[in-house]
Amino acid sequence: WDAADIYGPAELVTREFRKQYRAKYGKDPEMQVFTKYVPRPGDMPFELIQAAVDKRIERLGVDRIDLLQFHWWDYSNKQYIEAMTHMKTLKEQGKIRNLALTNFDTEHMRELVEEHNIPIVSNQVQFSMLDRRPLNKMTTFAQKHDIQL
């Protein structure tokens, strides 16, 4: 399931589905839940990131997030590095299973992975018969670092 608080009640619907499934079958559904974090560019203290992750865990009704996809649109504001560093800490604490990106370009993904050792497992990008930009540099980089597109 792909959820996010920016999708309205998607995280709450996911929690309700899990709750009803558990009530009917006596066990949790075998599913992975993906959600996104799309903050406004600005200061990214640890407390802000931790509160955002905790909010998603509560809204989803899970013990940890299977995949947290991070989106940032203002690369002139380098706070995305700080945000991802804090998410890496929360991953190490067990609150996040995997870290991912949405719509990051190759250069900024490279910066996170190679310069800051952020363990990215995927980057959700636009790709279609009309928009084949990821084939330029991104696929080579992603293959080298075992990042799914």
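Placed above this text is the structure.
Every value quoted in this text rests on a predicted model; they were computed, and no experiment measured them. (Residues numbered from 1 in each chain as written. Predicted model: local features only at pLDDT ≥ 70, side-chain atom pairs only at ≥ 80, totals over all residues. Heavy atoms only, no water.)

A. Fine view of helix α1 (residues 10-25). Helix length check: α1, at 16 residues, gives a terminal C-alpha distance of 22 Å against a target of 22 Å (1.5 Å per residue), a fit within 8%. Within α1, burial applies to E11, T14 and R18. Viewed along the axis of α1, the buried residues span an arc of 60°, placing them on a single side of the element. Exposed side of α1, more than 90 degrees from the buried face: K19, A23 and K24 are the residues found there. Backbone geometry just after α1 places G26 at a positive phi near 75°. (Helix = DSSP H or I, 4+ residues; strand = E, 2+ residues; numbered from the N terminus. Expected span 1.5 Å × (residues − 1). Buried < 20%, exposed > 50% of the residue type's maximum accessible area, 1.4 Å probe, protein only. Arc of directions from axis to C-beta.)

B. Quick look at the pairing of strand β3 (residues 65-71). A large share of β3 lies buried, amounting to seven of its seven residues. Since strand β2 (residues 34-37) and β3 lie parallel, the crossover through helix α2 (residues 46-60) that links them has a hand, and here it is right-handed. Pairing of β3 with strand β4 (residues 96-102) involves six bridges; the strand directions are parallel. In the sheet register, F70 faces β4, and the bridge partner there is L101. Note that the unit made of β3, helix α3 (residues 79-92) and β4 has a crossover that is right-handed. (Right-handed = clockwise from strand over helix to strand, strands pointing away. Pairing = 2+ DSSP bridges.)

C. Layout of the packing of aromatic side chains. The final tally for this structure, using the stated rule, is nine aromatic pairs. Arranged with centres 6.0 Å apart and planes meeting at 40°, the rings of F17 and Y21 form a pair that is tilted. Placement of the pair is F17 and Y21 together in helix α1, with a separation of four residues, close to one helical turn. Overall, F17 belongs to the partly exposed group, its relative accessible area being 33%. (Phe/Tyr/Trp six-rings, centres within 6.5 Å; stacked < 30°, edge-to-face > 60°.)

D. A look at the pairing of β2. By the bridge criterion, four bridges tie β2 to β3 in an arrangement that is parallel. Among the inter-strand pairings, T35 is bridged to a residue of β3, identified as L68.

E. How the structure looks around the side chain of S122. Looking at where S122 falls in the secondary structure, it is placed in strand β5 (residues 120-124). Residue S122 is classed as buried on the basis of its relative accessible area of 13%. Sequence-distant contacts of S122, that is, excluding residues within four places in its chain, are made with L67, L99, A100, L101, I147 and Q148. (Contact = heavy atoms within 4.5 Å.)

F. The arrangement of helix α4 (residues 106-115) in detail. Among all positions in α4, only T106, H108, M109, E111, L112 and V113 are buried. As for α4, its buried residues are in contact with α3, β4, β5 and α5 (138-144).

G. Expanded view of the packing of α3 against α4. Viewed as axis vectors pointing N to C, α3 and α4 meet at an angle of 45°, and their least axial separation amounts to 11 Å. In terms of orientation, α3 lies oblique with respect to α4. The interaxial crossing formed by α3 with α4 has right-handed handedness. Where α3 approaches α4, its residues Y80, I81 and M84 are matched on the opposing element by H108, E111 and L112. (Axes fitted to C-alpha atoms, helices over the stretch in contact; angles between N-to-C directions. Parallel < 35°, antiparallel > 145°, perpendicular 65-115°, else oblique. Left-handed = near helix turned anticlockwise from the far one by under 90°.)

The analysis is restricted to geometry; functional conclusions fall outside its scope.
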